[in-house]
Every structure is written in structure tokens, then in C-alpha cells.
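# Working through the structure, step by step
Listed below are the residues making up each chain.
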Amino acid sequence: MSTRIPLPYSPKVLEIFRNPRNLGPMEDATIVESAGSPACGDMIKLYLKVGEGDVVERATFESYGCAANIAAASILTEIVRGKSLREAWQISWKQLSDELGGLPPIKYHCSILAVGALKRAIRAYYRAKGERPEWLPEAMTPEERQVLEEEEMIERYYRALGRLGGAQGEGGSA
Ligand code: FES
């Protein structure tokens, strides 16, 4: 018998996890950005189709993460649709969590990962255009910082594991 205690996911998280909306790559995406690291399985890839007036016409995602990650990414693709990039920039991880009926605190980072990918996508879009609108801050937001810290932490971890493997003469990465 399993001794694992199931996480208190809301019915909405479970419903979206079972039937994610807008799942899969987008052939004609204007921007594709990801956040997280495939090394630990926590990763989201976001595809945005941006049209006239910098409005998001469509959004899809691929997720290599937990139920909360899938649900957060899925709800993000619904919320962002029809919004200008300026409006999309305001979407917070808390908003995603609220829309999902609340996430367990240990799963906040799954929502932060989704918003981090969105913010990266918005930055990438304007970088490609060679412009930065006045509402787009130069400094990283807390979500972007946290995503970066997680990625760096994972990289350090795997580098350390590689060194350990090398010392034992086995080498290779996970
Ligand atoms: Fe890391 Fe959910 S994405 S635990």
C-alpha cells in the first residue's frame, strides 16, 4: 500500500490536467519560448501567435512537468488569448493559481514557471523587433528571476553529478 499523501489539488486543476486545452506545438507561432529544465522534468514551452496591434491570436503549450504545471500552462494559454502583449505582461502567477481554484504552496513554482515563459516570450518578441516599449521593464521580474535561479540550480546540480560520476570513472549525465 502506498504511503504517499495525495496533493490537495482543486477539482479544476484535476479537470484541466485530464483535458488540457491548447496542448501541442504551433506550426506558425510568432514566438516560442521555454522555462525550466528538461533535466528534472519541470519545463514548459510556450507558443504564441501574435497579430495586428501586438495582440495574441492563439497560444499553445507543451509541458514536461507535473499536473499543476500542465494546468497552469493550459489556463495561461486561455487567459492570454485576445490580450495585447502589454496586457499579457500583467498576468501573474497568483492569477493563474486563483483561476485554478488555488494551488498547494509547494506547487506555486509550477505557476511561476508558466508566467516566466510568458514573460520571456514577450521580451523575445520585442527583442526580435529591435524595440522595447516603455511599459516593458529592463530589470527582470520576480517570476523571471525565480525561473533563472531554478535553471541555474539544476545546472549546478547536474554538473556536480557529472563530476561525481567522473571521479568514480563512470562519467555521463542523467
Ligand atoms: Fe515542478 Fe510542478 S513544475 S513540481
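Look a little higher up for the structure.
Let me begin by describing the structure that accompanies this report.

Calculation rules
Residues numbered from 1 in each chain as written. Predicted model: local features only at pLDDT ≥ 70, side-chain atom pairs only at ≥ 80, totals over all residues. Helix = DSSP H or I, 4+ residues; strand = E, 2+ residues; numbered from the N terminus. Buried ≥ 20, exposed ≤ 12 C-beta atoms within 10 Å, placed from the backbone. Contact = placed C-beta atoms within 7 Å. Core = buried A, V, L, I, M, F, W, Y, C linked by C-beta atoms within 7 Å. Pairing = 2+ DSSP bridges. Axes fitted to C-alpha atoms, helices over the stretch in contact; angles between N-to-C directions.

## Remarks on the overall build of the protein chain
Along the protein chain, the regular secondary structure elements total six helices and three strands. What you see in the protein chain, going N to C, is helices and strands ordered as α-β-β-β-α-α-α-α-α. The burial tally for the protein chain puts 34% of its 174 residues in the buried class. Looking at the protein chain alone, contacts between residues at least 24 apart form 61% of all its contacts between residues at least 6 apart.

## Remarks on the nonpolar core
The nonpolar side chains of a soluble globular protein tend to be buried with one another. With 39 residues, the main nonpolar core has Ile44, Leu46, Ala72, Ala114 and Leu118 as its most contacted residues. When residues of this core are traced back to their parent elements, those giving at least two are helix H1 (11-18), strand S1 (31-37), strand S2 (42-51), strand S3 (55-63), helix H2 (67-80), helix H3 (85-89), helix H4 (93-99) and helix H5 (108-129). What Leu46 contacts, discounting residues up to four positions off in sequence, is Glu33, Ser34, Ala59, Phe61, Ala117, Leu118 and Ala121.

## Regarding the environment of Ser84
Structurally, the position occupied by Ser84 is in the loop between H2 and H3. Judged by C-beta crowding, with 12 C-beta atoms within 10 Å, Ser84 ranks as exposed. C-alpha of Ser84 to C-alpha of Gly53: the two residues are 31 residues apart in sequence and 7.1 Å apart in space. Excluding residues within four positions of it along the chain, Ser84 makes contact with Gly53, Asp54 and Val55.

## Quick word on the sheet that holds S1
In space, the three strands of this open sheet follow the order S1-S2-S3, with antiparallel pairing throughout. Strands with a single pairing partner mark the edges of an open sheet, and in this sheet they are S1 and S3. In this sheet, neighbouring strand axes are inclined to one another by 20 degrees on average, regardless of whether the strands run parallel or antiparallel. Both S2 and S3 contribute to a ladder of eight bridges, which runs antiparallel.

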